[in-house]
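Commentary on secondary and tertiary structure
Read off the chains here:
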Amino acid sequence: MKKFLVLFTLLALSISGFAAQKPGKALPKDKLLSVISEYRHNEGFHVIKLGNLATSLVRSAAKVAVKVDGDQEAAEALKMINGVRKVCVVEYEECSGAVRDSFNSKLSRVLSDSELLMEVKDDEDQVFMYGIVDDDASAVRDFVIYVPEDSALICMFGSISMDALTKLIEMK
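The shown structure was predicted, so the numbers you read here are calculated from the model rather than taken from an experiment. (Residues numbered from 1 in each chain as written. Predicted model: local features only at pLDDT ≥ 70, side-chain atom pairs only at ≥ 80, totals over all residues. Heavy atoms only, no water.)

**As for the confidence of the model for the protein chain**
- Per-residue confidence for the protein chain gives a mean pLDDT of 82, with 83% of residues at or over 70.
- Contacts from residues 15-22, a stretch scored under 50 in pLDDT, to residues over four places away or in other chains number eleven contacts. (pLDDT = per-residue confidence, 0-100. Contact = heavy atoms within 4.5 Å.)

**Considering the nonpolar core**
- In terms of nonpolar packing, the biggest core is built from 23 residues, with L32, I36, F45, V90, F103 and L153 touching the most fellow members.
- Listing elements by their share of this core, those giving two or more residues are α2 (29-39), β2 (83-91), α5 (97-111), β4 (125-133), β5 (139-147) and β6 (152-161).
- If one sorts the elements of this core by residue count, α5 sits on top with five residues.
- Of all hydrophobic cores here, the second largest spans 19 residues; its members include V84, M118, V120 and F143. (Core = buried A, V, L, I, M, F, W, Y, C linked by side-chain atoms within 4.5 Å. Buried < 20%, exposed > 50% of the residue type's maximum accessible area, 1.4 Å probe, protein only. Helix = DSSP H or I, 4+ residues; strand = E, 2+ residues; numbered from the N terminus.)

**A closer look at the pattern of salt bridges**
- On inspection of all chains with the given rule, the structure shows three salt bridges.
- Note that E38 is salt-bridged to K106, the shortest N-O span being 2.4 Å. Taken together, the residues E38 in helix α2 and K106 in helix α5 connect sequence positions 68 residues apart.
- In this structure K106 comes out as partly exposed when scored by relative accessible area, which is 25%.
- Between D134 and R141 there is a salt bridge whose closest N-O contact spans 2.7 Å. (Salt bridge = Lys/Arg side-chain N within 4 Å of Asp/Glu carboxyl O.)

**A few points about the pairing of β6**
- Two elements, β2 and β6, share eight bridges in a ladder whose sense is antiparallel. Note on β6: the bridge partner recorded for V84 is G158.
- Across eight bridges, β5 lies against β6 in antiparallel orientation. The residue bridging R141 from the neighbouring strand is S159, located in β6.
- The hairpin turn running from β5 into β6, its antiparallel successor, is four residues long, and S151 in that turn takes a positive phi close to 55°. (Pairing = 2+ DSSP bridges.)

**Regarding the environment of M80**
- Mapped onto the fold, M80 is located in helix α4 (residues 72-80).
- Owing to a relative accessible area of 7%, M80 belongs among the buried residues under this scheme.

**Digging into the sheet that holds β5**
- Here six strands make up an open sheet; going across it, the order is β1-β2-β6-β5-β4-β3 and the pairing antiparallel. At either margin of the open sheet sits one strand with a lone partner, and together these are β1 (46-50) and β3 (116-122). The average undirected angle you get between the axes of adjacent strands in this sheet is 10°.
- The sheet contact formed by β4 and β5 spans five bridges and is antiparallel. Bridged to V133 within β5 is V140.
- Seen against the sheet, α2 touches β1, β2, β5 and β6 and runs at an angle of roughly 150° to β6. (Axes fitted to C-alpha atoms, helices over the stretch in contact; angles between N-to-C directions.)

Here it is in structure tokens:
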């Protein structure tokens with residue numbers, strides 16, 4: 001979780017540089033989900049998809065838990081992801097090497113035209129973050145975190161509030 005927060009911190013600190021640039025290309029959500037669907041039946045390929053309704057229910061349950069606990073950091077984290085409408089998490093570490101290589105190759109081609117927000121080298125792993133920064137840098141839309149060496153992909157479709165992220169970082 002700390003690694004994830006550090007990556008978000010780096011993203012928040014560098015977001016102002018992206019705001020001055022022209023808006024990037026939108027993520028090809030349909031192609032991305034199509035590649036995931038193509039591989040989801042392979043042995044060791046695990047996919048968790050939460051649609052609009054499921055994401056809303058999870059968020060509502062988390063809000064109740066936050067009210068009961070009174071955890072201010074968790075409340076800010078919920079504000080940060082309040083605009084996220086769909087989530088897809090893929091873990092394919094247990095797949096054969098050929099399946100992993102094939103999936104990574106297709107996924108890289110799909111993401112090649114998307115806006116690369118940041119590339120972070122963490123030990124031996126490279127973490128790629130894609131998304132679209134709003135003109136006023138108040139939010140990132142359709143955010144994807146891709147770690148090919150760890151065989152992991154996280155897609156959050158919707159928007160992530162940079163104000164809430166900044167508040168959460170300040171609380172740490």
